[in-house]
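In case you want the letters, here they are:
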Amino acid sequence: MAEISYRIIRSRRRSLAIEIDRSAQVLVRAPYRMPDDQIREFVAEKSGWIWQHQEIAKRRIRQNAVSNPWYPIRQADIRRLKEQEAAAFPPRVSRYAALMGVTYGRITIRCQKTRWGSCSAKGNLNFNCLLMLAPQTVQDYVIVHELAHRKQMNHSAAFWKEVERVLPDYRDSERWLRENGGLLIRAIADEEQM
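First things first, this report covers the structure right here in the doc. This structure is a prediction, so every number in the text was calculated from the model and none was measured. All residue numbers here refer to positions counted from 1 along the written sequence of the relevant chain. Where local features are concerned, this predicted model is filtered to residues with pLDDT of at least 70; where side-chain atom pairs are given and counted, the filter is 80 or more; whole-chain, interface and lining totals use all residues. The side-chain values count all of the structure's non-hydrogen atoms but skip hydrogen atoms and water molecules.

**Digging into the pairing of strand β2 (residues 17-20)**
For the record, the criterion: When a residue's accessible area, from a 1.4 Å probe over protein chains only, is under 20% of the maximum for its type it is buried; when over 50% it is exposed; and in between it is partly exposed. Labels follow the DSSP assignment, with helices taken as runs of H or I lasting at least four residues and strands as runs of E lasting at least two, numbered in each case from the N terminus. If DSSP finds at least two bridges between two strands, the strands pair.
The alternating pattern of β2 places Ile18 and Ile20 on a buried face, while none of Ala17 and Glu19, on the opposite face, is buried. Bridge analysis of β2 against strand β3 (residues 26-31) gives four bridges, and the strand direction is antiparallel. Paired with Ile18 across the strands is Val28, a residue of β3. Taken together, β2 and the strand that follows it, β3, pair antiparallel across an intervening segment of five residues, in which Ala24 is found at a positive phi of about 75°.

Given below as structure tokens:
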């Protein structure tokens, strides 16, 4: 059997733990002062579990490659998407802000794994660059959703009325994000595995 490659992450913890990350890499979490020999023994002792769970993670990666139309989204793609969105979104945000009678601060484009957009209390807007791969109606929905927070910093009935006033069919975009958003996020490739 081949030797197991792993990365050690040391912290104040008291015990050893093994984790297989989403890219099928082995992480060993260890106390600061634990000797490397003891860590090696632990990994060897758990090798059966490690091989089994690495194979499950690799199978998941292969399934994503086959079943996900956006896979793989590489770091170069993310840079390109950020540039495209940084050019495309400000004029649209400005147009919708005027239509809704709101102001906003700066616009930031990021690659996020949990959010499509956000609005801070100061009115700064953040948008996920993966939105560039979504239909324009979905992009508009996220823009309007975040700008509606300039009137209602919550998801109350008044907030949803504001969204609906501007985009009566916003539920179609919400449905698209529910059905496709996870696939888009999971399409971000771990280039170490490629």
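What follows continues from the structure just given.
**Let's talk about a positive patch on the surface**
What counts, and what does not: Only residues whose relative accessible area exceeds 30% and that take part in no salt bridge are eligible for patches, with like-charged residues grouped when within 9 Å of each other and nonpolar side chains (Val, Leu, Ile, Met, Phe, Trp, Tyr) grouped when within 5 Å. Surface exposure here means Shrake-Rupley accessible area, sampled with a 1.4 Å probe, where a residue is shielded only by the protein chains that are shown. Whenever Lys or Arg places a side-chain nitrogen within 4 Å of a carboxyl oxygen from Asp or Glu, that contact is recorded as a salt bridge. Positive charges come from Lys and Arg, negative ones from Asp and Glu, while His and the chain ends are left out of the count. Where a charge sits is defined by one atom per residue type, namely NZ (Lys), CZ (Arg), CG (Asp) or CD (Glu).
Residues Lys82, Arg106, Arg110 and Lys122 make up a contiguous surface patch of positive charge. Examined against the element boundaries, Arg106 turns out to sit in the loop between α3 (75-100) and β4 (107-110).

**A short note on the pattern of salt bridges**
Side chains carrying opposite charge are able to pair once their charged atoms draw close together. If you walk through the whole model with that rule in mind, you get nine salt bridges. Taking the shortest distance from any N to any O, the salt bridge between Lys151 and Glu162 comes out at 3.5 Å. Of this pair, Lys151 sits in the loop between α4 (136-148) and α5 (157-166) while Glu162 sits in helix α5, placing them eleven residues apart in sequence. Classification of Lys151 by relative accessible area gives partly exposed; the value is 40%. For Glu162, a relative accessible area of 11% translates into the label buried. Taking the shortest distance from any N to any O, the salt bridge between Arg175 and Asp172 comes out at 3.1 Å. A residue pair is termed a helical-turn pair when its members lie 3 or 4 positions apart in one helix, as Arg175 and Asp172 do in helix α6 (residues 170-186) at three residues. For Arg175, a relative accessible area of 37% translates into the label partly exposed. Three or more residues are tied together by salt bridges with common partners; here these are Lys151, Glu162 and Arg165.

**With respect to helix α1 (residues 36-45)**
The test is simple: Here the arc refers to the set of directions running from the helix axis out to each C-beta atom.
Here α1 has its buried residues at Ile39, Phe42 and Val43. Down the axis of α1, the sector holding all buried residues measures 100°, keeping them to one side. Those residues of α1 that are exposed and angled more than 90 degrees off the buried face are Glu41, Ala44 and Glu45.

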